[in-house]
Amino acid sequence: MEIHALHSEAWGRLNSLRSRLPHALLIAGRPGIGKFDLAMYFAQSMLCEQAGDDFAPCGKCLPCGWFLRKNHPDFRLLQPESEKEHDRASASEVASPADDAVSDKSAGKKKPSRQITIDQSRALDDFLHVGAHRRGARIVLVHPAEAMNRATANSLLKSLEEPSEGALFLLVSSEFSRLLPTIRSRCLFVPVALPEAEKCEEWLHRSGVGKDAKNWLALAGGSPFLAAQLLKEEQGLLEALLAELLKKTKFDPLGAAASLERAVKADKRRNALKRAIELMQKWLFDLFLACKGLLPRYFLAHVEVLRHCAAASSAENILAFNRKSLEYRLFCEQPVNSRLFLEEVFLNYAALFVTRRRLPCQVQ
Ligand SMILES: [Zn+2]
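Residues numbered from 1 in each chain as written. Predicted model: local features only at pLDDT ≥ 70, side-chain atom pairs only at ≥ 80, totals over all residues. Heavy atoms only, no water.

Undergrad: What is the right way to read the overall build of the chain from this model?
TA: Summing up its helical and strand segments, the chain has 18 helices and seven strands in all. Buried residues in the chain amount to 53% of all 364 residues. Taking all contacts inside the chain whose residues are at least 6 apart in sequence as the whole, residues at least 24 apart take part in 73%. (Helix = DSSP H or I, 4+ residues; strand = E, 2+ residues; numbered from the N terminus. Buried < 20%, exposed > 50% of the residue type's maximum accessible area, 1.4 Å probe, protein only. Contact = heavy atoms within 4.5 Å.)

Structural data, given as structure tokens:
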């Protein structure tokens, strides 16, 4: 399944604009749904010289070849340096652009920037002021648009205010409210909706996600690209966490902390502790739903365990612990003793099931 079939509605909207194309589109929607891939596909189709009736790029003509080899002279991709190291750019839609560039002092080298820099924006000047190499448009794709810092955004704003003839800007964003209002106002908004679950599952199957596609999709809140990323990158953390949570109400908090700490240390990606807490927050959300007699949103395969745990606790206490988990999520971005931190987390989690009284962490 091609990306335009997954997002047929947004694709139709993009195609309807071809005859009166504005100079900037803001392609926006939830993280992890494939907006970047859709925007890239649209850009390729705009440059393709043998596109089909549905505007799908042929993939065979000379411009398609250039585009697929990432050297089309009429296309520029503006993205943070950190994105270039990612295997799949679409998966990076879910990375938080709020995490700015930092120096990896321990490694003695600077980490790739997580922002789009003003130098990248300035480098567009020549591109925008010379004619197209082919007969088509000159396209600049900015992803994620919210990764532009203020200086970059202001620089880009000038290009949007005085658009070069034949230039098209595609801004892709999961957090468009963070963009400068002056930038937003110069773009035509193209929303990309969450695809239907059936289409997502089919897309995941075709992408090699096996029989658990439905469960991974649920864990990703229905976002197919995020589901594929979770499967690829979060399996170790998830298995370690579930190994403890599935012990229901009788587990050893200190042992659970030790086990999860091992998984966190074995994880080579950044913010492993924070990501583990985020998984736990999803579990808490489902636990709260179970308390209310509702089906889980994220952990579809564990309805019975959730119900069992919910029966031993209360919605009030789960909400209180969930509020505490928001603090944990912020706290674990700092350098912390991960063992002590996780011991506190699991001791508080275990306390959910020993009393129905108000927890110490509950806000009075
Ligand atoms: Zn083509």
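Undergrad: I tried to follow the coordination of the zinc ion on my own but got confused; where do I start?
TA: Six octahedral donors around a metal ideally subtend angles of 90 or 180 degrees, whereas four tetrahedral donors ideally subtend 109.5 degrees. Within the protein, Cys-48 (SG), Cys-58 (SG), Cys-61 (SG) and Cys-64 (SG) serve as the donor atoms for the zinc ion, at 2.3 Å. Around the zinc ion sit four donor atoms; with metal-centred angles ranging over 104 to 120 degrees, the donor geometry is tetrahedral. Read in sequence order, the donor residues for the zinc ion give the motif C-x9-C-x2-C-x2-C. Comparing Cys-61 with Cys-64 shows no difference in burial state: the two are buried. (Donors = N, O, S within 2.8 Å, 3.2 Å for Na, K, Ca; no water. Tetrahedral: all angles 85-135°; square planar, octahedral: opposite > 155°, others 65-115°.)

Undergrad: Help me understand the packing of helix H15 (residues 272-291) against helix H16 (residues 303-311), please; the structure alone is not making it clear to me.
TA: Each pair of packed helices gets described by two things: the angle between the helix axes and the distance between those axes. The contact between H15 and H16 brings their axes to 8 Å, and the two run at 70 degrees. If you check the angle between H15 and H16, you find them roughly perpendicular. Listed contacts from H16 to Trp-283, Asp-286, Leu-287, Ala-290 and Cys-291 of H15 are Val-305, Leu-306, Arg-307, Cys-309 and Ala-310. Looking at the contact of H15 with H16, its residues break down into eight nonpolar, no polar and two charged. (Axes fitted to C-alpha atoms, helices over the stretch in contact; angles between N-to-C directions. Parallel < 35°, antiparallel > 145°, perpendicular 65-115°, else oblique. Nonpolar A, V, L, I, M, F, W, Y, C, P; charged D, E, K, R; others polar.)

Undergrad: It is not clear to me how the pattern of salt bridges should be interpreted in this structure. Could you clarify?
TA: Should their charged atoms come close, side chains of opposite charge can pair. Tallied over the full model, the rule gives 14 salt bridges. Residue Glu-233 pairs with Arg-269 through a salt bridge whose shortest N-O separation is 3.1 Å. Placement of Glu-233 in helix H12 (residues 224-233) and of Arg-269 in the loop between helix H14 (253-266) and H15 is noted, with a sequence separation of 36 residues between them. Linking Arg-275 and Asp-267 is a salt bridge whose minimum nitrogen-to-oxygen distance equals 2.8 Å. Accessibility assignment for this pair places Arg-275 and Asp-267 in one class, buried. (Salt bridge = Lys/Arg side-chain N within 4 Å of Asp/Glu carboxyl O.)

Undergrad: Just checking my understanding: could you explain helix H8 (residues 150-161) for this structure?
TA: For an α-helix, 3.6 residues make a turn, and residues three or four places apart therefore share a direction. For H8, which comprises 12 residues, the first-to-last C-alpha distance of 16 Å matches the rise-based estimate of 16 Å (1.5 Å per residue) to within 8%. Along H8, the positions that sit buried rather than exposed are Thr-152, Ala-153, Ser-155, Leu-156, Leu-157, Ser-159 and Leu-160. Against the buried residues of H8 lie strand E1 (24-29), helix H6 (118-122), helix H7 (124-129), strand E5 (138-142), strand E6 (167-173) and helix H9 (181-184). (Expected span 1.5 Å × (residues − 1).)

Undergrad: Even after reading the chapter, I still don't get the sheet that holds E5, so can you show me in this structure?
TA: Sheets are built from strands that pair by backbone hydrogen bonding, the pairs being arranged parallel or antiparallel. The five strands are arranged E2-E5-E6-E1-E7 in an open sheet whose pairing can be described as parallel. Single-partner strands in this sheet number two, and they are strand E2 (75-78) and strand E7 (188-192). Across the sheet, the mean angle from the axis of one strand to that of its neighbour is 20 degrees, orientation sign disregarded. Along the sheet, helix H2 (residues 8-16) contacts E1 and E7; its crossing angle with E7, the most-contacted strand, is approximately 160 degrees. (Pairing = 2+ DSSP bridges.)

Undergrad: Help me out: how do you make sense of the nonpolar core in this one?
TA: The tendency in soluble globular proteins is for nonpolar side chains to be buried as a group. In terms of nonpolar packing, the biggest core is built from 82 residues, with Leu-287 and Tyr-349 touching the most fellow members. A per-element tally of this core places H15 first, with 10 residues. The residue makeup of this core includes at least three contributed by each of domain 1 (3-193) and domain 2 (234-351). Excluding residues that lie within four positions of it along the chain, Tyr-349 makes contacts with Leu-245, Phe-251, Met-280, Trp-283, Leu-284, Leu-287 and Phe-321. (Core = buried A, V, L, I, M, F, W, Y, C linked by side-chain atoms within 4.5 Å. Domains from an automatic or database assignment.)

Undergrad: What exactly am I supposed to notice about the packing of aromatic side chains here?
TA: Inspection of every chain in the model, using the stated rule, returns 14 aromatic pairs. An angle of 85 degrees between the planes, with centres 6.2 Å apart, marks the rings of Trp-11 and Phe-42 as edge-to-face. With Trp-11 in helix H2 and Phe-42 in helix H3 (residues 35-47), this pair connects stretches of sequence that are 31 residues apart. Across the pair, exposure class does not vary: Trp-11 and Phe-42 are buried alike. Between Phe-67 and Phe-75, the ring centres sit 4.8 Å apart and the planes meet at 55 degrees, which makes this aromatic pair tilted. The class of Phe-67 is buried, set by a relative accessible area of 7%. A network of ring pairs unites the aromatic residues Phe-251, Phe-321, Tyr-328, Phe-331, Phe-341, Phe-346, Tyr-349 and Phe-353 as a single cluster. (Phe/Tyr/Trp six-rings, centres within 6.5 Å; stacked < 30°, edge-to-face > 60°.)

Undergrad: Which parts of the structure should I look at to understand unusual backbone geometry?
TA: A negative phi angle characterises most non-glycine residues, just as the trans form characterises most peptide bonds. In this structure, the amide linkage connecting His-143 to the following residue, Pro-144, adopts the cis form with an omega of -15 degrees. Phi at Lys-70 is positive, roughly 60 degrees, even though this residue is not glycine. By the element assignment, Lys-70 lies in the loop between helix H4 (62-68) and E2. Classification of Lys-70 by relative accessible area gives exposed; the value is 78%. For Asn-271, which is not a glycine, the phi torsion comes out positive at approximately 60 degrees. Position of Asn-271 among the secondary structure elements: in the loop between H14 and H15.

Just distances and angles here, no functional claims.
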